[in-house]
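Spelled out, the chains give:
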Amino acid sequence: MMAQSDPSSHFLGFLRTSPYTPLATDSEDAQRTQVKLNIGQILRSKRVRVVGVATLVVCAITFLFYGPRRRPNFDFRCPSSSSASPSSGDVDWSRYAYTQYVTNTAYLCNSVMLFEILHRLGSKADRLMMYPATMHPDPASNGAESRMLLKAQNEYGVKLMPIEVQHRSGVEQSEAATWADSYTKLLAFNQTQYERVLSLDSDSTVLQPMDELFLLPPCPVAMPRAYWLEQPFLSSQIVLIQPSTDEFARVKEAIDTAKGGDFDMEIVNNLYSKDCMILPHRRYDLLTGEFRSKGLHTNYIGNTYERWDPEVMLKEAKFLHFSDWPMPKPWLPADEATKTKTQPDCETDSNGNEDCRARDIWLGFYSDFKQRRKDICGMEASKLKPRSVEVLDKSTYEFVPILE
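Residues numbered from 1 in each chain as written. Predicted model: local features only at pLDDT ≥ 70, side-chain atom pairs only at ≥ 80, totals over all residues. Heavy atoms only, no water.

Participant: How should the overall build of the protein be read in this particular structure?
Facilitator: Scanning the protein from N- to C-terminus turns up 14 helices and 12 strands. Classification of the 404 residues of the protein by burial places 44% in the buried group. Residue pairs in contact within the protein that sit at least 24 positions apart in sequence constitute 74% of those at least 6 positions apart. Carbon and sulfur atoms provide 54% of the accessible area of the protein, an area that totals close to 23400 Å². (Helix = DSSP H or I, 4+ residues; strand = E, 2+ residues; numbered from the N terminus. Buried < 20%, exposed > 50% of the residue type's maximum accessible area, 1.4 Å probe, protein only. Contact = heavy atoms within 4.5 Å. Areas by Shrake-Rupley, 256 points an atom, 1.4 Å probe, with all protein chains shown as cover.)

The structure is reproduced here in structure tokens:
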């Protein structure tokens, strides 16, 4: 049976031959069988220091190039409702408001009609109407303006704020009314009694509640894109605003220095085109003219795999804007010839059946507006000549459907 070797003898042999062991001097006992290792001497060895530094460098480089790395995150994801938006029971809705501006009797009726819808839908935010101080909500008056102001206040919970309609000096008389509308609309930036306001154009119809917009992450302004225009442009038909004195000062300066022909859309685009939260135009900025357009409706839908279905698009939409050049605004008279020529055509589906849904929906927009105007305001179609703000240059603002 072979005798087992002593492990300590192998260790001692290694120390004797190791280049890191201090050499024995002549005075030391050459016959000693135990060597005492001096750690301090080993660490002070130049060769140990060189090898140690080299090892650390190699480890660092290896970690940098082959170690665990996190991929940069370039994806924006909206915060979940549970973390970004408190439940409706936790929201102080008095901090938010839907705003409307009024400059004449026709627009007063339009605003009252919008507030009636918000009231009917159960909107929780405040409702604020900025109206000319020349109008008076006088219970003793039988005038249409007093009656509509009091109706808005008493029946729809609207807060009334008299204002001086703003005008810009040096503007031709033909554009004075348009400038008054544009500037007065932007007074929403100065409503600092609210944390956030949602400004809606009155030539529109609210289809579903939109209170959720008030709970979006903070930003000075949020607007949809004017998807129907070729160049990148923001739409001011619906604007979510965080009012502040500083922002209103910027807006006022922009108006005072604007070039002739620049209105509210140009002003907000000049100020916020590079610093604006984008609201999805799908749902929040559906145009009536979209129902007249032929083709794939790709600009509105936002993709090429969904098929345009007028009923589906209407059911998902929350805000509808009347934009139907050359059809006049819905409170203005339109003869039957214009309506017949402008209305959408019926289509034939793959089975040879006639599909007139787009036409019927489109005609319903106008008949509904006309009926509500009569029921709520007691007003028929306006007999006044359209102003420039109501019949805009089609190449600048109006949606021009593809009809071929």
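That shown, we press on.
Participant: I would appreciate a short explanation of the side chain of Ser202 in the present structure.
Facilitator: Structurally, Ser202 can be placed in the loop between β4 (196–200) and β5 (204–206). Setting aside residues no more than four positions away along its own chain, Ser202 makes contact with Gln100, Tyr107, Asn110, Ser111 and Leu114.

Participant: Explain helix α14 (residues 357–377) here, please?
Facilitator: Note on helix geometry: an α-helix contains 3.6 residues per turn, so any two residues three or four positions apart are oriented the same way. When the terminal C-alpha atoms of α14 are compared, their 29 Å separation across 21 residues agrees well with the 30 Å that a helix rising 1.5 Å per residue should span. Here α14 has its buried residues at Ala358, Ile361, Trp362, Phe365, Tyr366, Phe369, Arg372, Arg373, Ile376 and Cys377. One side of α14 carries all its buried residues, which in axial view fall inside an arc of 135 degrees. For α14, the exposed residues lying more than 90 degrees away from the buried face are Lys370 and Asp375. Immediately downstream of α14, the backbone of Gly378 shows phi near 65 degrees, a positive value. (Expected span 1.5 Å × (residues − 1). Arc of directions from axis to C-beta.)

Participant: Teacher, can you tell me more about the sheet that holds strand β9 (residues 286–287) here?
Facilitator: One key point about sheets: their strands pair by backbone hydrogen bonds, in either a parallel or an antiparallel sense. Across the sheet, which stays open at both edges, the 3 strands sit in the order β5-β10-β9 with mixed pairing between neighbours. The open sheet terminates on both sides in strands that have one partner only, identified here as β5 and β9. Sheet analysis places β5 next to strand β10 (residues 319–321), joined by 3 bridges and oriented antiparallel. Opposite Thr205, over in β10, you have Leu320 as the bridge partner. (Pairing = 2+ DSSP bridges.)

Participant: Quick question: what am I supposed to make of the pattern of salt bridges here?
Facilitator: Oppositely charged side chains may form a pair once their charged atoms are brought near each other. Summed over the entire model, instances satisfying the criterion amount to 20 salt bridges. Of the charged contacts, one joins Lys185 and Asp201 as a salt bridge, the two residues approaching to 2.7 Å between their closest N and O atoms. Highlighted residues: Lys185 in helix α7 (residues 173–185) and Asp201 in the loop between β4 and β5, separated in sequence by 16 residues. Both residues of the pair, Lys185 and Asp201, belong to the buried class. The salt bridge partner of Asp203 is Lys329, with a shortest N-O separation of 2.8 Å. Taken as a pair, Asp203 in the loop between β4 and β5 and Lys329 in the loop between β10 and α13 (336–342) lie far apart in primary sequence, 126 residues in all. The residues Asp203 and Lys329 share a single accessibility class, namely buried. Within the structure, one salt-bridge network assembled from shared partners comprises Asp309, Glu311, Asp355 and Arg357. (Salt bridge = Lys/Arg side-chain N within 4 Å of Asp/Glu carboxyl O.)

Participant: I tried to follow helix α9 (residues 264–272) on my own but got confused; where do I start?
Facilitator: Among the 9 residues in α9, 8 count as buried, and that is most of the element. Among the residues making up α9, those that are buried are Asp264, Met265, Glu266, Ile267, Val268, Asn269, Leu271 and Tyr272.

Participant: Sorry, what's going on with unusual backbone geometry here?
Facilitator: Note that the residue after Trp325, namely Pro326, is joined by a cis bond; omega there is 5 degrees. Unusually for a residue other than glycine, Arg283 sits at a positive phi of about 95 degrees. Following the sequence through the fold, Arg283 ends up in helix α10 (residues 281–284). Overall, the relative accessible area of 39% leaves Arg283 in the partly exposed class. Positive phi, close to 60 degrees, is recorded for His297, a residue that is not glycine. Secondary-structure assignment places His297 in the loop between β9 and α11 (298–301).

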